[in-house]
Protein chains: 2
Amino acid sequence: MNKDQSISLKATDVRTTAKLAKQAAGNLAQITAKRRTEVLELIASRLEQKQNEILEANKIDVLAAKELVAKGGMSESLLNRLKLDSTKIAELVAGTKYLATLDDPLGKVTLARELDEGLCLYRITCPIGVIGVIFESRPDALLQIATLCIKSGDASILKGGAEAQNSNAKLFELIVQALTDSSFPAHTVNLLESRQDIEKLLHADEFIDLIIPRGSNELVKHIQNNTRIPVLGHAEGICHIYVDRTADLKQAIKIIVDAKVQYPAACNAVETLLLHKDIASNFLPPVIDELIKHKVTLKADERSREILNHKDVAAATIEDWSKEYGDLILSIKIVNSLEEAISHINTYGSGHTDTIITENSLSAEQFFASVNSAGVFINASTRFADGFRYGFGAEVGISTGKLHPRGPVGLEGLVTYKYKLVGHGHIVQDYSGTKAKKFTHRPIPLQS
Amino acid sequence: MNKDQSISLKATDVRTTAKLAKQAAGNLAQITAKRRTEVLELIASRLEQKQNEILEANKIDVLAAKELVAKGGMSESLLNRLKLDSTKIAELVAGTKYLATLDDPLGKVTLARELDEGLCLYRITCPIGVIGVIFESRPDALLQIATLCIKSGDASILKGGAEAQNSNAKLFELIVQALTDSSFPAHTVNLLESRQDIEKLLHADEFIDLIIPRGSNELVKHIQNNTRIPVLGHAEGICHIYVDRTADLKQAIKIIVDAKVQYPAACNAVETLLLHKDIASNFLPPVIDELIKHKVTLKADERSREILNHKDVAAATIEDWSKEYGDLILSIKIVNSLEEAISHINTYGSGHTDTIITENSLSAEQFFASVNSAGVFINASTRFADGFRYGFGAEVGISTGKLHPRGPVGLEGLVTYKYKLVGHGHIVQDYSGTKAKKFTHRPIPLQS
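Everything numeric in this text was worked out from a predicted model, so none of it was measured.

Peer 1: Explain the environment of A:Pro213 to me, please; I cannot follow it from the model alone.
Peer 2: With respect to the helices and strands, the residue A:Pro213 is situated in strand β6 (residues 210-214). For the pair formed by A:Pro213 and A:Lys437, sequence separation is 224 residues and the distance between their alpha carbons is 50 Å.

Here it is as structure tokens:
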């Protein structure tokens with residue numbers, strides 16, 4: 001690769017990078033779906049070819065990280081996320097190839113309407129523009145996000161973790177080389193490396209259209225509080241399971257254990273269990289037994305503790321209702337009604353994913369209608385809230401905001417739309433005043 | 001109406017109001033389309049019956065405003081917007097009846113997919129929640145926005161202008177009475193009256209999901225800079241018309257005059273005219289003649305002024321390219337290419353609406369693909385960018401943001417979606433590890 005270009009693509013001046021990315025986005029919007037697909041296939045095959053180089057670069061990062069871990073300057077789990085191996089590379093190759101096969105998300109007509117003879121309105125999906133992504137440690141995230149943005153026609157500015165510096169540089173070089181060889185606009189994908197760059201990125205709101213932070217709750221909160229750019233993401237995942245009066249006990253136990261134990265660090269793991277008072281004394285003891293078998297620490301309200309004779313269960317305080325444990329800890333509360341469960345969830349939840357376990361379809365409908373979260377589940381584990389499981393191919397994150405994109409965000413979440421109005425010299429004056437022409441507002445059938 | 005309830009519904013504590021509105025939103029989400037339609041019909045008929053009361057209340061506001069105008073404390077145009085008459089009331093009645101007839105925007109399934117046997121995912125439209133609307137002077141806006149929010153199942157908090165206090169109170173009383181008589185949740189619609197309430201509203205981000213400011217650019221900018229709540233709206237409408245090399249001269253003149261002259265104060269009026277260099281000397285003189293006939297003041301770049309021998313045309317400065325005149329003033333610039341026109345628009349525009357005039361379909365497609373604005377028009381006046389003209393029934397505003405809702409925002413922009421996953425005890429553990437079950441990810445046909 002041309003060394004000078006590589007350097008210029010890693011320009012340290014964040015505003016300049018952002019400005020160049022915005023220019024790239026303008027040209028990127030004109031590149032056909034075929035060319036976007038082909039460049040992804042090229043990236044996948046280069047990834048296969050160059051895996052040794054990538055693993056070598058990763059070794060340098062891992063070695064440095066191991067020293068840090070030994071000194072207590074880094075956690076063991078961060079080290080694990082940093083490490084690449086041939087299995088992970090194979091997964092990345094397969095993922096990139098799969099992404100290439102997915103339907104093009106751009107140019108889809110979502111509304112078509114004749115306003116009057118010869119005057120037609122279309123709403124058509126298009127790239128968002130420039131997307132800034134801030135992530136920690138995992139170098140595989142760099143590749144996944146960069147390729148998703150290529151598919152969605154968005155320019156991207158990636159800020160990786162310093163600990164993955166060598167791995168990221170190698171992956172970035174590979175992507176830029178493939179884009180250059182395929183005559184994509186320069187600055188389609190950009191890499192920032194210094195921690196100080198984050199603040200500058202957050203202030204480049206004339207150039208950047210969306211920020212996606214992937215990392216700790218603190219990182220996400222910090223970013224949400226320090227930028228005018230829309231932020232996609234969630235600070236917290238406080239998910240609930242509500243066991244209704246008519247729940248099936250066996251099913252309830254199975255779902256609760258899965259949602260808490262299968263991967264407790266995930267944002268879609270359950271944090272609070274709510275039980276209807278009428279079934280609490282029957283349900284609570286067997287549920288608790290099963291959870292304790294799985295080494296779950298329990299924190300319960302006073303009514304639950306009475307049923308359990310206070311054994312093995314600490315008292316929950318009000319702080320527990322809004323805590324994301326991210327660990328084998330579960331808070332428990334008895335509620336008097338479905339309405340109280342809904343109100344608890346809407347008050348203390350984080351709008352991520354909440355499940356009702358019930359055999360009563362009216363309760364299920366009321367729960368679905370009234371819980372405000374991005375995911376409202378019926379008789380299924382909260383852990384299903386995930387882009388891959390939803391069939392989105394991959395996800396850049398899960399949004400707990402109310403507006404689009406909401407929930408697990410895949411390709412569809414990385415596009416927006418614009419209105420195209422095609423006329424033949426039509427003017428508004430003709431539709432005003434006493435002799436105003438009438439609009440026809442006739443739907444134009446959509447081709448599928 | 002019960003006086004106490006009226007008072008409690010106008011609680012001056014903004015946080016309490018916001019919290020109660022959030023509670024109302026939870027219950028509102030369960031109200032059927034039929035009941036939402038019926039209450040709108042009731043509001044329309046009460047509006048007809050009580051128009052004298054409303055006009056009486058409005059007279060008090062107008063009288064006070066006239067005194068202010070005489071003292072120079074209010075503009076004549078503000079006074080005109082404040083004034084109601086029987087024609088305006090008839091329009092409000094007709095608008096409310098029409099809104100009642102529109103398709104229900106809620107409960108629409110926009111994605112349906114089997115994840116595995118007995119495990120089905122649906123994406124379903126639902127209300128956003130609580131919408132805060134800040135508007136100035138026009139009392140008819142209160143009724144339009146409140147009724148749109150009722151139709152979309154959203155709770156609303158309305159902050160009207162102090163100058164419309166009596167008119168607003170009367171309209172609000174009528175709406176609340178109709179909602180109460182139809183057993184809608186208390187605090188479905190809320191009214192704030194003091195200017196100090198705005199700041200408190202902007203900080204109630206746990207309760208409010210979207211802020212819609214309707215007013216001056218300064219108001220909108222102030223709000224965007226002072227809240228973490230998503231803001232729907234636009235600070236500026238800097239719209240362009242680009243006359244391509246292959247444009248039809250007669251069509252160009254017609255569209256340019258309409259876009260500048262028909263209603264120059266509108267945000268969708270054109271502010272800058274860009275002309276391709278090859279046609280400038282032919283096009284510019286007749287276009288200018290026509291604009292001057294319509295009393296338009298012109299500010300042009302040096303190349304344009306040379307063609308015109310500097311007559312009647314002042315020199316444009318760089319500030320002109322990013323100015324929303326909102327008046328009979330137009331800036332003019334000659335560009336060397338379509339690409340330069342696109343780049344100018346993406347640099348100086350506000351992402352509102354931009355038009356190309358061309359007979360070349362490739363130029364039209366390139367313009368559409370590369371211009372970043374919410375509306376990209378071909379051979380039609382920028383003035384068509386409007387919810388009513390688009391056939392949205394009514395609009396709460398025009399959004400120049402990149403994400404949904406974008407462009408003119410009507411009913412569809414006031415709803416969001418959530419994911420519903422219906423299982424039968426499905427757990428993620430079964431889809432993990434070496435014996436992992438495979439997802440089917442089979443589309444479920446949508447009923448239309």
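Now that the structure has been shown, the text picks up again.
Peer 1: Teacher, can you tell me more about the relation of the copies chain A and chain B here?
Peer 2: One copy of the chain maps onto the other through a rotation about an axis plus a displacement along that axis. Note on the identical chains: chain A maps onto chain B by a rotation of 180 degrees and an axial translation of 0.0 Å, with an RMSD of 0.0 Å. This pairing of chains is accounted for by a two-fold axis. In terms of C-alpha distance to the rotation axis, chain A has A:His404 as its closest residue, with the C-alpha 2.9 Å off the axis.

Peer 1: Would you take a moment to explain the interface of chain A and chain B for this structure?
Peer 2: Note: interface size is frequently given as the accessible area lost on complex formation between the parts. Counting residues at the interface gives 60 residues for chain A and 60 residues for chain B. Of all the elements, strand β16 (residues 415-426) of chain A adds the most residues to the side of chain A that touches chain B, at eleven residues. The residue makeup of the side of chain A that touches chain B, split by class, is 25 nonpolar, 24 polar and eleven charged. Across five bridges, β16(A) lies against strand β13 (residues 375-380) of chain B in parallel orientation.

Peer 1: When you look at the nonpolar core in this model, what are you seeing that I'm missing?
Peer 2: Note that soluble globular proteins tend to have their nonpolar side chains buried in a common cluster. A:Ile175 and B:Ile175 are the most contacted members of the largest nonpolar core, which has 266 residues in total. Apart from residues no more than four positions distant in its own chain, A:Ile175 is found in contact with A:Ile43, A:Ala146 and A:Val189.

Peer 1: How should the domain arrangement of chain A be read in this particular structure?
Peer 2: In terms of domain boundaries, chain A breaks down into domain 1 (3-225) and domain 2 (239-386). On a C-alpha basis, the centroid separation for the pair domain 1 of chain A and domain 2 of chain A is 37 Å.

Peer 1: Can you help me understand the pairing of strand β2 (residues 119-127) of chain B in this one?
Peer 2: Along any regular strand the residues' side chains alternate between the sheet's two faces. All names here are of chain B. Bridge count for strand β1 (residues 109-116) against β2 is six bridges, and the pairing is antiparallel. Looking at β2, one finds that Ala-112 is bridged to Tyr-122. What sits between β1 and β2 in their antiparallel hairpin is a turn of two residues, with Gly-118 showing a positive phi close to 75 degrees. Strand direction decides the pairing type here: β2 and strand β16 (residues 415-426), joined by eight bridges, are antiparallel. Within β16, the residue paired with Thr-125 across the bridge is Tyr-417.

Peer 1: Please explain the sheet that holds strand β4 (residues 155-159) of chain B as it appears in this structure.
Peer 2: For sheets, the rule is that strands pair by backbone hydrogen bonds, running either parallel or antiparallel. All names here are of chain B. Pairing is parallel across the open sheet formed by four strands, whose spatial order is β5-β4-β3-β6. Of all the strands in the sheet, the pair left with one neighbour each is β5 (189-192) and β6 (210-214). The mean inter-strand angle of the sheet, taken between neighbouring strand axes irrespective of direction, is 20 degrees. Pairing of strand β3 (residues 130-135) with β6 involves five bridges; the strand directions are parallel. What sits directly across from Ile-131, in β6, is Leu-210.

Peer 1: How should I be thinking about the sheet that holds strand β11 (residues 329-335) of chain B in this particular structure?
Peer 2: Read from one edge of the open sheet, eleven strands run β17(A)-β1(A)-β2(A)-β16(A)-β13(B)-β12(B)-β7(B)-β8(B)-β11(B)-β9(B)-β10(B), paired in mixed fashion. The sheet is open, and its two edges are formed by β17 (442-443) of chain A together with β10 (314-315) of chain B, each paired on a single side. Here helix α12 (residues 277-293) of chain B sits on the sheet and contacts β7 (239-243), β8 (270-276), β9 (297-300) and β11 of chain B; the angle it forms with β8(B), its principal contact strand, is near 145 degrees.

Peer 1: Please clarify how helix α12 (residues 277-293) of chain A should be interpreted in this entry.
Peer 2: Residue and element names in this part refer to chain A. Spanning 17 residues, α12 covers 24 Å between terminal C-alpha atoms, matching the ideal 24 Å at 1.5 Å per step. Within α12, the axis deviates most sharply at Phe-283, by approximately 50 degrees, and proline Pro-285 lies no more than four positions further along. What α12 keeps buried is the set Ala-280, Phe-283, Leu-284, Val-287, Ile-288 and Leu-291. Each element contacted by the buried residues of α12 is listed here: β7 (239-243), α11 (249-261), β8 (270-276), β9 (297-300), α13 (302-307) and β11 (329-335). At the C-terminal side of α12, Lys-295 shows a positive phi close to 65 degrees.

What counts, and at which threshold
- Residues numbered from 1 in each chain as written.
- Chains lettered and ligands numbered in written order.
- Predicted model: local features only at pLDDT ≥ 70, side-chain atom pairs only at ≥ 80, totals over all residues.
- Helix = DSSP H or I, 4+ residues; strand = E, 2+ residues; numbered from the N terminus.
- Least-squares fit on C-alpha atoms with pLDDT ≥ 70 in both.
- Contact = placed C-beta atoms within 7 Å.
- Nonpolar A, V, L, I, M, F, W, Y, C, P; charged D, E, K, R; others polar.
- Pairing = 2+ DSSP bridges.
- Core = buried A, V, L, I, M, F, W, Y, C linked by C-beta atoms within 7 Å.
- Buried ≥ 20, exposed ≤ 12 C-beta atoms within 10 Å, placed from the backbone.
- Domains from an automatic or database assignment.
- Axes fitted to C-alpha atoms, helices over the stretch in contact; angles between N-to-C directions.
- Expected span 1.5 Å × (residues − 1).
- Bend = angle between axes of the 7 residues up to and from the residue.

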